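# Breakdown of the fold
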Amino acid sequence: MNDRRKIRWSAAGLIVCAVSCAHDIVPGSFVDARPAAPLSIAPNASELAAARQIDAARADSLGFLSWPALCVAPWLALLGAASMDRARLRRGYDAVVREGPILPGRRALEGSVEPIDEAVPLRIVLAEDLRSVSSATTSAFFLRLATGERVRVDCSKPIELRLPSFSSNDVQEEFDLDVRIVTGMRVAVEGIVKGEGSRATSGPYREGKSSEIVAAEGAPLVITEGGATPLHRARIDAAWRGIALALVGLVTFAVIVPFESLSLRWTGVSQWGAIIAHRSTQTNIAATQSTAAPSVATVANYALRVRVDDRVIDDDVPGEVQECAREGLCTRVPVVLSTYGPPRARVATRPFFEFDMALMSLGGWLLATLVYAGIRRERCCFVVQIDPAR
């Protein structure tokens, strides 16, 4: 596997390894808070103001309507694009004529080579760089289908020869520069069919009226060594990889990452919890690496430890709310608890959809889209252009 492919699949692995947005609290020691007032007593003005401040701090988060718009729709779009690619490639594979009948029009035919004048109808010698043709000899040949019908292949116009045995990205050190299309070899030919096919059992008069396939106007005659099956299978496999990327991203960023917010949204109940401890920490982060005049940024983090029934919850809060708890003015805060599945909780009056979830989803989708675009562009065969007129 080449370096480009390794980088591409390593990037795709980042999507698979995306983790749930659990709210990690910065390590530090909590300080015990004043005992909470009984729940039978209505919240005081400071506690109601603290609840509004907590909600306001989370109000920069996007609304829940952004969950389908940013965590579901992009991945469904990628899934739909990859699925349509696969369906289109499958239709192209099914359209290849292998067992007849041969009808006029643009067709892709697959069969075995039968000579007309030359035992080796097509032979090319590649240059050392595998980018040009040193010499080429071409002659017409018959393409025999599985039903016995055959069509004459006109090789007098430009030809595009596809060689699945070569790889344009990963060329081995030892290879044969002499490429031959010989009698009995299975090939696929794409071009314009003129006339109807003939069978070997049709008799000498009918046999002499075999159809012919020629290059389309302004396009080369496409000949694929080994038939169309390996080439189409490689392209369909690429579409399947795109579908897998979309499904992994959809499950990860539409279900796993926002699982806490979704579970609180659908099964959460709001009630007051008692503040049992509070904590504030400050972290100094060097903003520059200059030794002459280094600058330091201070990041403050505030958190509360809240008890609701038998649950103990640690969550970040605004600095004003932590100060209110430290001064003893706030002894309770609202908490949203999940009532189904794993225990989930947030300090707030209602669940919010976090902004970083949307950023993670869009970033993962962009990465997956770039990976799939690279997979689609990857050539699954080596293409040689031949101009018999030269």
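In this text, all values refer to a predicted model and were calculated from it rather than measured experimentally.

## Re the overall build of the protein
- Counting secondary structure elements, the protein contains eight helices and 17 strands.
- Out of the 390 residues in the protein, the part that is buried amounts to 41%.
- Relative to all contacts within the protein whose residues are 6 or more apart in sequence, the contacts with residues 24 or more apart total 78%.
- Accessible surface, the protein as shown: approximately 20800 Å² in total, 55% of it carbon and sulfur.

## Examining the packing of helix α3 (residues 66-94) against helix α5 (residues 228-256)
- In the contact formed by α3 and α5, the axes pass within 9 Å of each other and the chain directions differ by 165°. One finds that α3 runs roughly antiparallel with respect to α5. Handedness of the α3/α5 crossing: left-handed.
- Here the contact of α3 with α5 is built from residues that sort into 20 nonpolar, six polar and four charged.

## Examining unusual backbone geometry
- The backbone of Asp309 sits at a positive phi, close to 60°, despite the residue not being glycine.
- Relative to the assigned elements, Asp309 resides in the loop between β13 (296-308) and β14 (311-316).

## What about the state of the cysteines?
- A complete count under the given rule lists one disulfide for this structure.
- Here Cys324 pairs with Cys330 through a disulfide, and the sulfurs are 1.8 Å apart. Measuring the twist about the S-S bond at about 80°, one finds the Cys324-Cys330 disulfide to be right-handed.

## A closer look at the environment of Thr331
- For Thr331, the location among the structural elements is in the loop between α7 (319-326) and β15 (332-338).
- Separated by 57 residues in the primary sequence, Thr331 and Ala274 place their C-alpha atoms 6.1 Å from one another.
- Residues within four places of Thr331 in sequence aside, it is in contact with Arg34, Pro35, Ala36, Ala37, Glu47, Gly273, Ala274 and Ile275.
- At a separation of 2.9 Å, a polar atom in the side chain of Thr331 contacts the side chain of Glu47.

## What about the pairing of strand β9 (residues 186-194)?
- Where strand β2 (residues 105-115) meets β9, eight bridges bridge the pair, whose relative direction is antiparallel. Within β9, the position partnered with Ala108 by the bridge is Glu190.
- Here β9 runs beside strand β11 (residues 221-225); their pairing, made up of four bridges, is antiparallel. By the bridge assignment, Val187 is partnered in β11 with Glu225.
- One ladder, built from three bridges, connects β9 with strand β10 (residues 211-214); its direction is antiparallel.

## Quick word on the sheet that holds strand β3 (residues 122-126)
- Spatially, β4-β3-β8 is the arrangement adopted by the three strands of the open sheet, whose pairing is antiparallel. Each edge of the sheet is formed by a strand with only one pairing partner; in this case those strands are β4 (133-138) and β8 (178-181). Pairs of neighbouring strands in the sheet enclose a mean axial angle of 10°, with direction left out of account.

## Quick notes on the packing of aromatic side chains
- Across all of its chains, the model carries one aromatic pair by this definition.
- With 5.6 Å between their ring centres and 5° between their planes, Trp75 and Phe253 make a pair best called stacked. You can see Trp75 sitting in helix α3 and its partner Phe253 sitting in helix α5, a full 178 residues away along the chain. For the pair shown, Trp75 and Phe253 are each scored as buried.
- Taking the ring centre of Tyr93 as reference, the NZ or CZ of Arg98 above it sits at 4.4 Å.
- Its end group placed over the ring of Phe142, Arg150 keeps NZ or CZ at 3.7 Å from the ring centre.

## Side note on the environment of Gly191
- With respect to the secondary-structure elements, Gly191 resides in strand β9.
- For Gly191, a relative accessible area of 1% translates into the label buried.
- With 25 residues separating them along the chain, Gly191 and Ala216 place their C-alpha atoms 5.6 Å apart.
- If sequence neighbours within four positions are ignored, Gly191 has contacts with Gly105, Arg106, Arg107, Ile213, Val214 and Leu221.

## Notes on the pattern of salt bridges
- Inspection of the entire model under this criterion finds 15 salt bridges.
- For Arg123, the salt bridge goes to Asp178, with nearest N and O atoms at 2.8 Å. Taken as a pair, Arg123 in strand β3 and Asp178 in strand β8 lie far apart in primary sequence, 55 residues in all.
- For Arg123, a relative accessible area of 34% puts it in the partly exposed group.
- With its nearest N and O atoms 2.5 Å apart, the salt bridge here joins Glu212 to Arg152.

Rules used in this analysis
- Residues numbered from 1 in each chain as written.
- Predicted model: local features only at pLDDT ≥ 70, side-chain atom pairs only at ≥ 80, totals over all residues.
- Heavy atoms only, no water.
- Helix = DSSP H or I, 4+ residues; strand = E, 2+ residues; numbered from the N terminus.
- Buried < 20%, exposed > 50% of the residue type's maximum accessible area, 1.4 Å probe, protein only.
- Contact = heavy atoms within 4.5 Å.
- Areas by Shrake-Rupley, 256 points an atom, 1.4 Å probe, with all protein chains shown as cover.
- Axes fitted to C-alpha atoms, helices over the stretch in contact; angles between N-to-C directions.
- Parallel < 35°, antiparallel > 145°, perpendicular 65-115°, else oblique.
- Left-handed = near helix turned anticlockwise from the far one by under 90°.
- Nonpolar A, V, L, I, M, F, W, Y, C, P; charged D, E, K, R; others polar.
- Disulfide = S-S within 2.5 Å.
- Polar contact = N/O pair within 3.5 Å; in protein donor to acceptor, adjacent residues only side chain to side chain.
- Pairing = 2+ DSSP bridges.
- Phe/Tyr/Trp six-rings, centres within 6.5 Å; stacked < 30°, edge-to-face > 60°.
- Lys NZ or Arg CZ within 6 Å of the ring centre and 35° of its normal.
- Salt bridge = Lys/Arg side-chain N within 4 Å of Asp/Glu carboxyl O.

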